[in-house]
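This is what each chain is made of:
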Amino acid sequence: MKAFRSMVLVSSDPLSIERGANEVYQVLQKEIKGFGLQDEISLTMVGDVGRHDSSPLVIVYPEAVVYGPVKPEDVHFLVEEHLYKGRIASEFQAPARELTGRIAWLSARKGTLPAEQRIVLERAGIIDPDSIDDYLIHDGYQALVKALTEMKPADIFTVLEKSGLRGRGGAGFPTGSKWKFVAKAPGNKKYVICNADESEPGTFKDRLILEGDPHSIIEALTIAAYAVGADEGYIYIRGEYGLAQERLSKAIEQAHEMGFLGKNLMGTDFNFELHVHGGAGAYICGEETALIESIEGKRGEPRARPPYPTTHGLWGKPTLVNNVETLANVPPILRHGAEWYRSFGTPSSPGTKVYTILGNVNVTGLIEVPMGITLREVISIYAKGMKHGAAFKLAQTGGSSGSIIPASLQDTPMDFDSFSKAGVALGSGALLICDEETCVVDLAKSLVNFFRKESCGKCNPCRIGTQRIYEILTNISEGTGRMSDLDDLKVLNENLYQLSNCGLGQTAGAPIRDILNYFRAEVEAHIRLKVCPMGICPMSGKKI
Amino acid sequence: MVTVTIDSKQIEVPEGTTVLRAAQSSGIHIPTLCDHPKLTPYGGCRLCLVEVEGARTLQPSCTMPVSNNMVIHTDTQKVLDARKFVLTLIFSERNHFCPYCQVSGGDCELQNSAYDEGMTHWPLSPNFQPYPVDASHPYIIMENNRCILCRRCVRACGELVGNYTLGFEERGAKSLLVADTGVALGESTCISCGTCVQVCPTGALIDRWSAYHGHDTQADTTQTICVGCSVGCGIDVLTRDNNLVKINGNWDAEINGGVICKLGRFDAMEEKCDRIATPLVRKDGALKAATWEEAIAAAANGLKSAGMNSAEIAAVISTRQPVETLSAFKQLFGGKLGSTNLTTLEEGEFTRSTAKLAEESGKAFEGKLADLKAADSILVLGADLVSYHEVVGFFTKRAVPAGTKLLVVDTKENELDRLANKALKAGKGSIEDTLNALTAAVVKLGLAKGKTAVKAGDLDALASKTGLKSEEYLDAAFVIASGEKPVILVENGVLPAAIADFAELIDARIISVKGNANSLAASQLKLENPLNFKASKVAFIVLGDDDASQKMIKDVEKVPFKIVQATYASALTANADVVLPSTNWLEQGGHYLNLDGHLQQAHRAITPAEEIMTAEESLTALASKLGFTLENSWEKELQQRVSSVVLE
Amino acid sequence: MGKPKVSTDWLAGCAGCHMSLLDMDERLATVLELADLRSSPITDLKEPDESGVDVGILEGGINNSANKEVAERMRSRCKILVALGDCAVFGGVPAMRNFFTIEESLRRAYVEAESVDESGKIPDDPELAVPMKVHALQDIVPVDVFVPGCPPDADTIFYVLAELAQGRIPEIKGDKLHWH
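What you see as residue numbers is a count from 1 along each chain, following the sequence as written. Note on labels: chains are lettered from A, ligands numbered from 1, in written order. This being a predicted model, a pLDDT of at least 70 is required before a residue's local features are given, and a value of 80 or more before pairs of side-chain atoms are given or counted; all residues contribute to the totals for chains, interfaces and linings.

S.K.: What is the right way to read the overall build of chain B from this model?
M.R.: Along chain B, the regular secondary structure elements total 20 helices and 27 strands. Since a compact globule built from 648 residues should have a radius of gyration of about 26 Å, the 28 Å found for chain B is in line with a globular shape. Dimensions of chain B, computed from C-alpha atoms along their principal axes, come out at roughly 85 × 70 × 50 Å. Labels follow a simple rule on C-beta atoms placed from the backbone: if 20 or more others lie within 10 Å of a residue's own, it is buried; if 12 or fewer, it is exposed; otherwise it is partly exposed. When the 648 residues of chain B are sorted by exposure, 55% land in the buried category. Runs of E in the DSSP output that reach at least two residues are strands. Runs of H or I that reach at least four are helices, and both are numbered from the N terminus. Two things to know: the radius of gyration comes from C-alpha atoms, and the globule rule equals 2.2 Å times the number of residues to the power 0.38.

S.K.: Looking at this structure, I do not really get the overall build of chain A. What am I missing?
M.R.: Along chain A, the regular secondary structure elements total 22 helices and 13 strands. Relative to a compact globule of 544 residues, whose C-alpha radius of gyration would be 24 Å, chain A shows 24 Å and is just as compact. Reported as C-alpha extents along the three principal axes, the dimensions of chain A are approximately 75 × 60 × 45 Å. Relative to its 544 residues, chain A shows a buried fraction of 58%.

S.K.: Can you walk me through the interface of chain B and chain C in this structure?
M.R.: The interface of chain B with chain C comprises 15 residues on the first partner and 19 residues on the second. Class assignment for the residues of the side of chain B that touches chain C results in eight nonpolar, seven polar and no charged. With C-beta atoms placed from the backbone, a contact is any residue pair whose C-beta atoms sit within 7 Å. Three classes are used: nonpolar for Ala, Val, Leu, Ile, Met, Phe, Trp, Tyr, Cys and Pro, charged for Asp, Glu, Lys and Arg, and polar for all others, with Gly counted as polar.

S.K.: Would you mind going over the pairing of strand β17 (residues 341-344) of chain B with me for this structure?
M.R.: Each regular strand carries side chains that alternate between the two faces of the sheet. All names here are of chain B. At least two bridges found by DSSP between two strands are what make those strands a pair. Both strand β16 (residues 313-317) and β17 contribute to a ladder of four bridges, which runs parallel. Directly across from Ile-317, in β17, lies its bridge partner Thr-344. Classification remark: right-handed applies to a crossover when, strands pointing away from the viewer, the course from the first strand over the helix to the second runs clockwise. Handedness of the crossover joining β16 and β17 through helix α8 (residues 323-336) is recorded here as right-handed.

S.K.: Explain the sheet that holds β17(B) here, please?
M.R.: Strand pairing within a sheet occurs via backbone hydrogen bonds; the two strands may be parallel or antiparallel. All names here are of chain B. What the seven strands build is an open sheet, ordered β15-β14-β25-β24-β23-β16-β17; its pairing is mixed. The open sheet has two edge strands with one neighbour each: β15 (286-289) and β17. On average, adjacent strands in this sheet sit at an angle of 15° to one another, irrespective of strand direction. Of the strand pairs in this sheet, strand β24 (residues 561-566) and strand β25 (residues 578-581) are connected by four bridges, and their pairing is parallel. Pairing of Ile-563 across the sheet is with Val-578, part of β25. For helices, the axis comes from a line fit to the C-alpha atoms of the stretch in contact; other axes are also lines fit to C-alpha atoms, and the angle between any two N-to-C directions lies between 0 and 180 degrees.

S.K.: Where do I start with the interface of chain A and chain B in this structure?
M.R.: Often, the extent of an interface is quoted as the loss of accessible area upon association of its parts. At the interface, 26 residues of chain A touch 26 residues of chain B. Listing elements by their share of the side of chain A that touches chain B, those giving two or more residues are α17 (440-454), α18 (460-477) and α19 (483-499) of chain A. Among the elements that take part in the side of chain A that touches chain B, α18(A) stands out by supplying eight residues, more than any other. A per-class count over the side of chain A that touches chain B returns ten nonpolar, nine polar and seven charged.

S.K.: Is there a simple way to think about the arrangement of the chains in this case?
M.R.: By contact count, the leading pair among the two pairs of chains in contact is chains A and B. Taking C-alpha atoms as the reference, chain A and chain C come no closer than 11 Å and do not contact one another.

S.K.: When you look at the sheet that holds strand β12 (residues 404-406) of chain A in this model, what are you seeing that I'm missing?
M.R.: All names here are of chain A. Pairing is mixed across the open sheet formed by five strands, whose spatial order is β10-β9-β13-β11-β12. Every other strand in the sheet has two partners, leaving β10 (365-370) and β12 as the edge strands with one partner each. Averaged over all adjacent pairs, the angle separating strand axes in this sheet is 30°, with direction ignored. For strand β11 (residues 392-396) and strand β13 (residues 430-435), the ladder comprises four bridges, and the chain directions are antiparallel. Of the residues in β13, the one forming a bridge with Leu-394 is Cys-434.

S.K.: Explain the nonpolar core here, please?
M.R.: By size, the foremost hydrophobic cluster in this structure holds 389 residues, and its most contacted members are Ile217(A), Ile223(A), Ala224(A), Ile433(A) and Leu489(B). Broken down by element, the residue count for this core peaks at ten residues, all from helix α10 (residues 214-228) of chain A. With sequence-adjacent residues up to four places away left out, Ile223(A) is seen in contact with Ala143(A), Leu144(A), Ala147(A), Ile156(A), Val330(A) and Leu334(A). To count as a nonpolar core, a set of buried Ala, Val, Leu, Ile, Met, Phe, Trp, Tyr and Cys residues must be joined through C-beta atoms within 7 Å.

S.K.: How should I be thinking about the packing of α18(A) against α19(A) in this particular structure?
M.R.: Two quantities define a packed helix pair, namely the angle between the axes and the distance from one axis to the other. All names here are of chain A. The geometry of α18 relative to α19 is characterised by a closest axis approach of 10 Å and an angle of 155° between their N-to-C directions. The orientation of α18 with respect to α19, classified from their angle, is roughly antiparallel. Relative to α19, α18 is oriented so that their crossing is left-handed. Judged by residue contacts, Pro-461, Cys-462, Gly-465, Arg-468, Ile-469, Ile-472, Asn-475 and Ile-476 of α18 engage Asp-485, Asp-488, Leu-489, Leu-492, Asn-495, Leu-496 and Leu-499 from α19. A class-by-class count of the residues in the contact of α18 with α19 yields nine nonpolar, three polar and three charged. Angle categories are assigned with fixed cut-offs, so that under 35 degrees is roughly parallel, over 145 is roughly antiparallel, 65 to 115 is roughly perpendicular, and the rest are oblique. Note on convention: the crossing is left-handed when the near helix lies turned anticlockwise from the far helix by less than a right angle, right-handed when the turn is clockwise.

S.K.: I'm lost on the environment of Val424(A) in this one. Help?
M.R.: All names here are of chain A. Among the structural elements, Val-424 can be located in the loop between α16 (416-421) and β13. Along the chain, Val-424 and Leu-409 lie 15 residues apart, while their C-alpha atoms are 9.1 Å from each other. If sequence neighbours within four positions are ignored, Val-424 has contacts with Ser-403, Ile-405, Leu-409 and Phe-419.

S.K.: I keep staring at helix α6 (residues 142-150) of chain A and nothing clicks. Help me out?
M.R.: Note that an α-helix has 3.6 residues per turn; residues three or four places apart therefore point the same way. Residues and elements named next belong to chain A. Residues Ala-143, Leu-144 and Ala-147 constitute the buried set of α6. Burial along α6 is one-sided: seen end-on, the buried residues are contained in an arc of 100°. Opposite the buried face of α6, at more than 90 degrees from it, the exposed residues are Thr-149 and Glu-150. For α6, the elements touching its buried residues are α7 (153-163), α10 and α13 (324-336). Directions from the helix axis toward the C-beta atoms define the arc.

S.K.: Looking at this model, I keep getting lost on unusual backbone geometry. Mind explaining?
M.R.: Keep in mind that most residues, glycine aside, have a negative phi and that most peptide bonds are trans. Here the amide bond leading from Ser55(A) into Pro56(A) is cis, since omega sits at 0°, within 30 degrees of zero. With respect to the helices and strands, the residue Pro56(A) is situated in the loop between β2 (41-46) and β3 (58-61). Backbone torsion omega between Gly68(A) and Pro69(A) reads -10°, so that peptide bond is classified as cis. By the element assignment, Pro69(A) lies in the loop between β4 (65-67) and α3 (72-84). Despite not being glycine, Tyr164(B) shows a phi value in the positive range, around 50°. Within the secondary structure, Tyr164(B) sits in the loop between α4 (152-160) and β8 (166-169).

S.K.: Would you mind showing me how to read the packing of helix α2 (residues 27-34) of chain C against helix α7 (residues 154-165) of chain C here?
M.R.: Residue and element names in this part refer to chain C. Their axes nearest at 10 Å, the elements α2 and α7 cross at an angle of 20°. With respect to their mutual orientation, α2 and α7 come out roughly parallel. The two elements α2 and α7 meet at a crossing, and its hand is left-handed. Packed against α2, whose contacting residues are Arg-27, Val-31 and Leu-34, the element α7 presents Phe-158, Leu-161, Ala-162 and Ala-165 at the interface.

S.K.: Is there a simple way to explain the pairing of strand β6 (residues 232-237) of chain A in this structure?
M.R.: All names here are of chain A. Most of β6 is tucked away, with five of its six residues classed as buried. In this sheet, β6 lies alongside strand β5 (residues 191-196) in parallel orientation, the contact comprising six bridges. Its bridge partner lying in β6, Asn-195 is registered against Tyr-236. Here six bridges tie β6 to strand β7 (residues 273-278), and the two strands are oriented parallel to one another. In the strand pairing of β7, Ile-235 is matched with Val-276. You can see the chain leave β6, run along helix α11 (residues 242-257) and come back into β7, and the turn it takes is right-handed.

S.K.: When you look at the confidence of the model for chain A in this model, what are you seeing that I'm missing?
M.R.: When pLDDT is low, close inspection of the predicted coordinates is not appropriate. Confidence scores labelled pLDDT are given residue by residue by the predictor and lie between 0 and 100. Considering every residue of chain A, the mean pLDDT works out to 88; 93% of them sit at 70 or more. Taken together, the stretch residues 98-114 of chain A has pLDDT below 50 and engages in 33 contacts with residues farther than four places along the chain or on a different chain.

S.K.: I keep staring at α10(A) and nothing clicks. Help me out?
M.R.: Residues and elements named next belong to chain A. With 15 residues, α10 should reach 21 Å at 1.5 Å per residue; the first-to-last C-alpha distance of 22 Å fits that figure. Among the 15 residues that make up α10, 15 are buried, leaving the element largely enclosed by the rest of the structure. Two residues or fewer past α10, Gly-229 is found with a positive phi of approximately 90°. By this rule, a helix spans an expected 1.5 Å times one less than how many residues it contains.

S.K.: How should I be thinking about the confidence of the model for chain B in this particular structure?
M.R.: Per-residue pLDDT for chain B averages 93, and the proportion of residues at 70 or more is 99%. The complex model carries a pTM of 0.88, and its ipTM stands at 0.93.

S.K.: What is the right way to look at the environment of Glu118(C) in this model?
M.R.: Residue and element names in this part refer to chain C. Here Glu-118 shows up in the loop between α5 (102-112) and β6 (131-135). C-beta crowding within 10 Å serves as the criterion here: with 6 such atoms nearby, Glu-118 is assigned to the exposed category. Residues Glu-118 and Ile-57 lie 61 residues apart in sequence; the distance between their C-alpha atoms is 41 Å.

Next comes the structure, spelled out in structure tokens:
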């Protein structure tokens, strides 16, 4: 394996590309060659590393210096100064910011505030995602080797259960127990599936893992397959994540070549084949049974449960379905042990959580922090406060499994139990942070509009209920609402929860419940006074 | 068995039973809309929600399997409120306006459910968004305004018929029932079997022939069988004031389990020909209306003019006639009049070779339709199951998505090719050659379960004889012979011993599709000779509501005296000397022996006009005019010969 | 307590429900004994008393501004409002026109209909009521009793009136409940 002295990363999110990242990459290639450095320096395009205001970024390791925005004409100077002469070209450095991307992790934090702690994002943005060698130098596949050679499935369950790892897809189900159920389910043929259909609004945490560290998912799935007794697996990747599909497919090929996938792994009689399956743009396919239907080639509609996928999953066989982030936690836990994992987070929710911060804050992007930090901490430390110093009004925690968190709950620790005690939900890990100028009717309307459009249409309450809620909210936002609409909304929301088939329908009315709980006066103003206090709703007097 | 408590009633049901079926089995009513006993539970309508103790939310009883000691409530206020809410939503979604709907007033399950829940109005108003109405199909109207998106039709089209024409486009509130990829139903892959109409709980799919002719719930229903082909599907014939309203598949029928084809459902709805209303006798060169006495006398006189115990009387009968008529026909013309020129319109084409094989081996060798339903690999050998014997085609088509392997061997395009795991088209050689090559391939793959003289080494030579590569045969052999319960479907009675040998080799069951409803019974009565009018002086043709071939119409022209018993006017009746009006299949009862040996009884659903007799009645009248008495001995006659299938 | 005062009126309907009301024949006498029939399209008095009535009965849906006024006036003057018949309860046959624009419906009726000659034109007298989307009664005013049916049977109407006259809210179920 070739050893490089430096690694150069070029950001390649859509904005960077638009601003000429590809040209920068090409010039870098030329210049590195020009200085005869091609054997010493590795050059890679990475995905989205955040810090869009300075993109395209050029990041140089091991010094972790971030340059940006870099223009093709700057490249010659940068290569000469930094890579050839070894001097940091400080005039091209991106404005100092320690929060997003790799930088936050590298520069050790000082002070009493909780630091970002990277477990699942450990390698994202550091390694070359297209290189299995790079993954291997960074402790890759060690957990798999350990699992296959030193551990029995029962040992793996024990470690996972001791670690207290809970599903990161939204529901928070204990991972060890789920694995055990599948292992215990009768049947010779079993499947493992990685749910990478990340489509909750505002959530893109899995994307970074998939694009930045694809082998970690392959490793985790292989361990899972070994533990539950599966010999075939699928990674169901959201249709829009083209790069992730490409990278995973390539990584699977590499893993095959290196003997981490295929027959008789590590000399055992354990065989495992892995397929990448692309979604086709349906949000509902993130629901595990709809995802299974979709892999089977059917219309993506959630199945009735019970029976659960753990016993009757893909093609009717016992199937383990785990979220990307959940799986990414597995190799580190196996490498370092349950005790180590428990040293992060809270006793009932150990470990870290990746959040995507969006909304009216100064800094948006991805963070991985220990479970149990508060929303106030997230906003003040990682998001660098509200934009224009506005007051925080509420946050939405992402998609159907999330909820609206009012300012009064911003000091509640963000972990599964504290949140469920407070009657809110952690959701998919998005933190859509809204300031005082946000209209709750408008917010709820756009959330319900999303659910209405993404409802699969199978069950009546969800298909029709979301449509009716949307119509009522539209009327309220147009100034044609009636007070009796609020009763209708309440009935609709309650029944949606009770009557719907899957999580989408059950929680589609949650924004209604939340805004009526926390912001009723604001909603009533729309109806009684025909005024949107924030001046956002159209209030045109139209009725649908 | 597990014990569950439903509404404080303790019941025992087998494990895996759904809560809904458990409740139904003990007489507890739970309203449903998307549920249908013949379809996979779906859980979409949510009307059947019940309270399960310990569950976080209400549970759909149609998909919820029972577990031991489960406690279920179906009549709590929470459940009743939920039902009303579900109905409220459904009525708010599309445009359910009962006053002008065909199914309103008893036939609409949605309306009935609303009445049951005491709904006097719709708490949420619909928004009057119009949805498409598709009237492009000759038999079916798709009225999306009345659709409740329960997917019964979609499931029926796929699961029962295997056609997968109906489906849904878009999602959420935009979900819309469409044919294929959104084409007009009339231009789609629909095969007009009408199963979707039969399962539709509302007026979203209606059949244009029966629409507004009367409610199902107010019609008289006769349970009988279809005589359209040799499958013998169970049907319900709905009539009102002795008029046909519609024909439905009988869900409880063993043979077809409720599915029927276009022929069975819609053919009888269109009376396409002129009915013969009175007996006709040719006088002075023209056919004139006559009384039955005159006509029977004319027929008897005609018969007397021909020599007995010879080929001078040619007698032909349709295989759509019940066994009773076939037997009376045989007794009169064969036994009493001694004609040696006795056959059916089919001339034994579909049964002669199978019957011969059975007689030679002295035992039945064919399988049953039930074997087809249990098959894990199917070989369709030259059979066209799409234009005729369609229900056998449904069984084949619906098995494929469920994992059954399909091999189609044919010399021409076969509609099932596109579904097949492998389709073999031999360019030359005989069917024996193809089977020999297939046999060699089976041996080569080591999948032979029986003995054969063919050797693996012969494959290349045998394959090239048919113009195909050896690999083709290896693929094909794997498809059919890797199954544990293979079934071979053949048609046209082309059943050379080679097929039987091949079936033995791979331990397969053979099912041969026959001709008309009573082909097998005619074969048992040995009515299977080739037709020959050359030496005939008198021809007696029991046509009934069948069609005669052009060849026969031409051949019979030269016969000096012709007596035709027919339902509809045709070239045959126009040339006849005596025409006896006959009932159609719905106006007569009797027994039929279907392709796999089930003896079934058809029942009269419509009372014929006074002037019309069944063929059996007029044959009896004719016999007595000639001084004979006919016996009721058909049951014995059916048994007088070894059959290719076990008779039941 | 004296006899309850009852007023009826019809909106966008076919008057069939009132015909069905008359269809109760000799039982009309019983109803008149039990109740004081005030205004009605089939009597001389056309508007409910300003002082109010106990029971208001409306047939038909609401398809223009005049209907809306009548419905709102009835609602404001009666204690119990009864929606009589499918049009009042659901919108009924007139609601079929909701699938078209009002312009299209008017053109069809006044210009394109087979019985209209070339002089046909859409009436444009400003005095005329403004047509609107056809609504069920409950979309415009709160309704207390729903009596669906096209039309409801005379038996049902008799039952409803008898119950109301005796101070009870009628319960429409079983044979009395039908939507056609």
